[in-house]
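# Coordinate inspection notes
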Amino acid sequence: MRTSANTTIGVDVGGTRIRVARITAEGALLDRVIEPVCQDAGGFLTQLLRLVDRMRHGASAVGIGIPGRVDGRTKKILSAGYLDIAGLDLAAEVRQATGLPVRVENDATMALIAEGFSRAGGRDGLVFMVTIGTGIGGAALLDGQPWYGGGLSGQFGHIVVSSDGPLCKCGRCGCVETFSSGTALGRLMAEAGMPEDMRAEEVLSRAEAGDGQAQVLLDVWAAPLQRALQSLVSMADPKLILVGGGLGQEMSAALAHLTDESRWFTVPVEPARLGDTAGVIGAGLAAFDIASEMTGQFR
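Scope of this entry: the structure provided in the associated data block. (Residues numbered from 1 in each chain as written. Predicted model: local features only at pLDDT ≥ 70, side-chain atom pairs only at ≥ 80, totals over all residues. Heavy atoms only, no water.)

## Considering the packing of helix α7 (residues 212–236) against helix α8 (residues 248–257)
Packed helices, taken two at a time, are described by the angle their axes make and the gap between the axes. Following both chains from N to C, one finds α7 and α8 inclined at 85 degrees, their axes separated by 8 Å at the closest point. Classified by the interaxial angle, the pair formed by α7 and α8 is roughly perpendicular. Only E250, M251, A254, L255 and H257 of α8 make contact with α7, whose side of the interface consists of Q215, L218, D219, W221, A222, L225, Q226 and L229. Its residues assigned to classes, the contact of α7 with α8 shows eight nonpolar, three polar and two charged. (Axes fitted to C-alpha atoms, helices over the stretch in contact; angles between N-to-C directions. Helix = DSSP H or I, 4+ residues; strand = E, 2+ residues; numbered from the N terminus. Parallel < 35°, antiparallel > 145°, perpendicular 65-115°, else oblique. Contact = heavy atoms within 4.5 Å. Nonpolar A, V, L, I, M, F, W, Y, C, P; charged D, E, K, R; others polar.)

Pasting the structure below:
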C-alpha cells in the first residue's frame, strides 16, 4: 500500500544520462535534473549522492533504476553495463548517506512500473515490457508487482533467434539484442550507406513516405524481435507487451508493418507512452512502496 506522505526521489541511470526527480504518489514529476552520467564507480556514487541530496526536500524514500542485471530478490547488482559497480551495495550507500529507505531495481522494471501505473488495466494480469536502446532490456509485472522468476527474469535481449548470428556480450551467438537493438540499427544504417548523423526517426519518416530502402532496413531490424516476442507469447501468454526505451516508438512502428509469421502466437504489442520519463517516474513510484514497508515496521 502506497503512503501518501510528501514525495519520493526517483533516479534513472541511463546509457549517457542520469535523471533524478521528485515524484508524487500520483506519478507526477516535479523538480527534475538531468546530467551526463559519470562512468567511473567513485565519480558515479559521488554524483548520485549529490543529486539525491539536491532533491531531498520532503522526500520519504529513494528509488534507483540501474541498467544491467539486478537480482530482484536480493537487490544485488550483478552487472551494470558501462558502470563498474557490480557487487556494490548501492541501497546501503544511499541509505547511509541520506537516512532514507532505498529501493534498487533494473531500469526496465522501473519503466514498466510507471507504464503500468499510467494505463487502465496496466496492473492486471501478466504484462511484459521490452526496452530498445543501446541494447535490449526487459521486465515483467504480475498483477502490478515485478515478477522476477528466480531473481533475474526479463533478460529478453538474450533470447536467441539465430544460432549462427553475431557474438553477443553474454557469450552466446545470435541473441536478439545483436539484431534489433539501437546498436544493431546503427550498423544496418551504415551498411546501407546512410549518413552517420541520420537518426532513427528519419529512417522511419522515409519509410512512411515510400522509401523502399528505408522500409526494408526497418523490416530487417524488427523481424528478429518479432520472433523473440512470439517466443515470449508461446511461453507465457502475456496480456500485453509494451515496447519502450529510446527507440520504442520506432520499433513499434516497424513491428506494426510486419505480418505475423504464425496465427498461434499473435503478439499483443503496444508502444510505451511515457518516453524517457518512464524510468524516473517508475523509480519514484517504487520508492513509495519501500517507504510504506518501512513505516509499517516502526508502527
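Following the structure, the description resumes.
## So, the pairing of strand β9 (residues 136–142)
The buried fraction of β9 amounts to five of the seven residues, a majority that puts the element mostly inside the structure. The pairing of strand β8 (residues 126–132) with β9 spans seven bridges and is antiparallel. Bridge assignment links V127 to a residue of β9, and that residue is L141. As consecutive antiparallel partners, β8 and β9 are separated by three residues. The pairing of β9 with strand β10 (residues 145–146) spans two bridges and is antiparallel. Bridge pairing in β10 places L142 opposite Q145. (Buried < 20%, exposed > 50% of the residue type's maximum accessible area, 1.4 Å probe, protein only. Pairing = 2+ DSSP bridges.)

## Digging into the environment of V52
Structurally, V52 can be placed in helix α1 (residues 41–54). Counting along the chain gives 229 residues from V52 to I281, while the straight-line C-alpha distance between them is 15 Å. Once you skip the residues sitting within four places of it in the chain, V52 turns out to touch I9, V11, V62 and T98.

As far as function goes, none of this settles anything; it's purely spatial.
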